[in-house]
Amino acid sequence: MGAIPLTETHDPRPTGKLIAARWKHEHWRVILLCMLLSFALTVLLLTLLRGASATSVTVVDGSTTTVLSTRSADVAGLLQEHNIVVGPNDRVSLPMSADLEPGSRIVIDRAVGFQLEADGRQQVEYTTADTVGEALAALNVKLQEEDRVTPAPDEPLVPGTRVTVVRVRSEIVETKHPIAYTVVEKKDAELEDGKKKVVSAGKQGVSVKQTERVFEDGKLVSERVISSKVARPAVQQ
């Protein structure tokens, strides 16, 4: 029998996987560079999109005016984003939930602390008022015409000011006072020596005085007679 020649069963041509592997091996630097460029472009695009959506807002904080860029939708978000702390007694011109628009203006009035002495109490109060009188009105401290306020109500209120309110009340008191009658003696030849006879009985008169009394925080501090007149003259005896 003749020998049967063996045929080559292995295909010497490279497969698709092998070609891809070789291509990746040969071009891995190009692939890596493309990935880095794609990532950089993505970051740049997101940054541009975020910058395009930012809103410029003017914030007036006390005497400082600043234009801020924000991506927040409302006032509360803006303050948090820029670490602007608002105290419980500070006043903000817009509600915290107010929507922000380009060109929005937010004014923050910072409260100042001062010591108030009124109606027997001493306590520290906080207000955004500009003057002493406005501060008292904001705290519902009602003043009467005669009350004394130190400093004066139209004085500017600065931090640490000591404001005192003295309640002043005056009254006019009317009092009656007796007027003694005088005794007139006349000689009567018809009377025996040492004897007296009342011809006409005397009567006390009445004088009326008006006295002004001044009280400060409930304590009497002064009084003076402002008028005195005879309501009924005395009748001599």
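As a reminder, the structure under discussion sits directly above these lines.
Since the model is a prediction, treat every value here as computed from it, not as a measurement.

Reading the values: rules and limits
Starting afresh in each chain, residues are numbered from 1 along the sequence in its written order. It should be noted that, the model being predicted, local features are given only for residues of pLDDT at least 70 and side-chain atom pairs only at 80 or more, the latter also being counted only at that level, while totals for whole chains, interfaces and linings use all residues. The basis for the side-chain values is all heavy atoms of the structure; hydrogens and waters are excluded. The term nonpolar core refers to a set of buried residues drawn from Ala, Val, Leu, Ile, Met, Phe, Trp, Tyr and Cys, joined through side-chain atoms within 4.5 Å. Summary of the burial criterion: residues with accessible area below 20% of their type's maximum are buried, those above 50% are exposed, and those between are partly exposed, where the area comes from a 1.4 Å probe applied to protein chains only. A run of H or I in DSSP becomes a helix once it reaches four residues, and a run of E becomes a strand once it reaches two; helices and strands are each numbered from the N terminus. Residues are treated as being in contact if the distance between any of their heavy atoms lies within 4.5 Å. Note on ring pairs: Phe, Tyr and Trp rings are taken, using the six-membered ring of Trp, and paired if centres are within 6.5 Å. Classes follow the plane angle, with under 30 degrees stacked, over 60 edge-to-face and the rest tilted. The criterion is that NZ of a Lys, or CZ of an Arg, lies within 6 Å of the ring centre and within 35 degrees of the ring normal, and then a charge sits over that ring. Salt bridges are defined by distance alone: a side-chain nitrogen of Lys or Arg within 4 Å of a carboxyl oxygen of Asp or Glu. What qualifies as a polar contact is a pair of N or O atoms within 3.5 Å, subject to a donor-acceptor requirement within protein and to the restriction that residues adjacent in sequence count only when both atoms come from side chains. By the convention used here, strands pair only if DSSP detects at least 2 bridges between them. Only the stretch in contact is used when a helix axis is fitted, and all axes are lines through C-alpha atoms; the angle between N-to-C directions ranges over 0 to 180 degrees.

(A) Representation of the nonpolar core. Core analysis: the biggest nonpolar cluster contains 13 residues, and Leu 116, Leu 136, Leu 157 and Val 163 have the highest contact counts within it. For this core, the element with the most residues is strand β5 (residues 112–118), which contributes 4 residues. In this view, Leu 136 contacts Leu 116, Val 141, Leu 143, Val 149, Val 163 and Val 165; residues no more than four positions away in its chain are not counted. Counting residues in each nonpolar core, the second largest holds 12 residues, with Val 75, Ile 84, Ala 98 and Ile 106 among its members.

(B) Examining the packing of aromatic side chains more closely. Tallied over the full model, the rule gives 0 aromatic pairs. Residue placement shows Arg 169 over the ring face of Phe 215; its charged tip is 4.5 Å from the ring centre.

(C) Looking closely at the pattern of salt bridges. Throughout the structure, instances matching the rule amount to 11 salt bridges. Residue Asp 61 is joined to Arg 110 by a salt bridge in which the shortest nitrogen-to-oxygen separation is 2.9 Å. Of this pair, Asp 61 sits in strand β1 (residues 55–61) while Arg 110 sits in the loop between β4 (105–109) and β5, and the two are 49 residues apart along the sequence. For Arg 224, the salt bridge identified is with Glu 212, shortest N-O distance 3.1 Å. Here the residue Arg 224 occupies a position in strand β11 (residues 219–232), and Glu 212 occupies one in strand β10 (residues 205–216), the gap between them amounting to 12 residues. Connected via shared salt-bridge partners are Arg 169, Glu 171, Arg 213 and Glu 223.

(D) Focus on the environment of Arg 162. As for its placement among the helices and strands, Arg 162 is situated in strand β8 (residues 162–166). When the C-alpha positions of Arg 162 and Val 124 are compared, they lie 9.3 Å apart, and in sequence the two are 38 residues distant. Excluding its chain neighbours within four sequence positions, the residues that come into contact with Arg 162 are Gln 115, Glu 117, Thr 150 and Pro 151. Here Glu 117 takes part through its side chain, which lies 2.7 Å from a polar atom of the side chain of Arg 162.

(E) Local environment of the environment of Lys 229. Following the sequence through the fold, Lys 229 ends up in strand β11. In the structure, Lys 229 is positioned 21 residues away from Val 208 in sequence and 5.4 Å away in space, judged by C-alpha atoms. If we skip the residues at most four places from it in the chain, Lys 229 touches Val 206, Ser 207 and Val 208.

(F) Molecular detail of the pairing of β8. Counting buried residues along β8, 4 of its 5 residues qualify, which places the element largely inside the surrounding structure. One ladder, built from 4 bridges, connects β5 with β8; its direction is parallel. Looking at β8, one finds that Glu 117 is bridged to Thr 164. In this structure, strand β7 (residues 148–150) lies alongside β8, joined through 3 bridges in antiparallel fashion. Within β8, the position partnered with Thr 150 by the bridge is Thr 164.

(G) Local environment of the sheet that holds strand β2 (residues 64–70). One open sheet accounts for 4 strands, arranged β2-β1-β4-β3; its pairing is mixed. On the outer flanks of this sheet lie β2 and β3 (91–92), each paired with one strand and no other. Direction of pairing for β1 relative to β2: antiparallel, over a ladder of 7 bridges. By the bridge assignment, Asp 61 is partnered in β2 with Thr 64.

(H) Layout of the sheet that holds β5. Within the open sheet, the 4 strands sit side by side as β6-β5-β8-β7. Their pairing is mixed. At either margin of the open sheet sits one strand with a lone partner, and together these are β6 (121–127) and β7. This sheet shows a mean twist of 20° between the axes of neighbouring strands, independent of strand direction.

(I) Looking closely at the side chain of Asp 147. Note on placement: Asp 147 falls in the loop between α3 (132–138) and β7. Within the structure, Asp 147 has its side chain in polar contact with the side chain of Arg 167 (distance 2.7 Å). For Asp 147, the side chain forms a polar contact with the main-chain nitrogen of Val 168, separated by 3.1 Å. Those residues in contact with Asp 147, other than ones at most four positions away along the chain, are Lys 142, Val 166, Arg 167 and Val 168.

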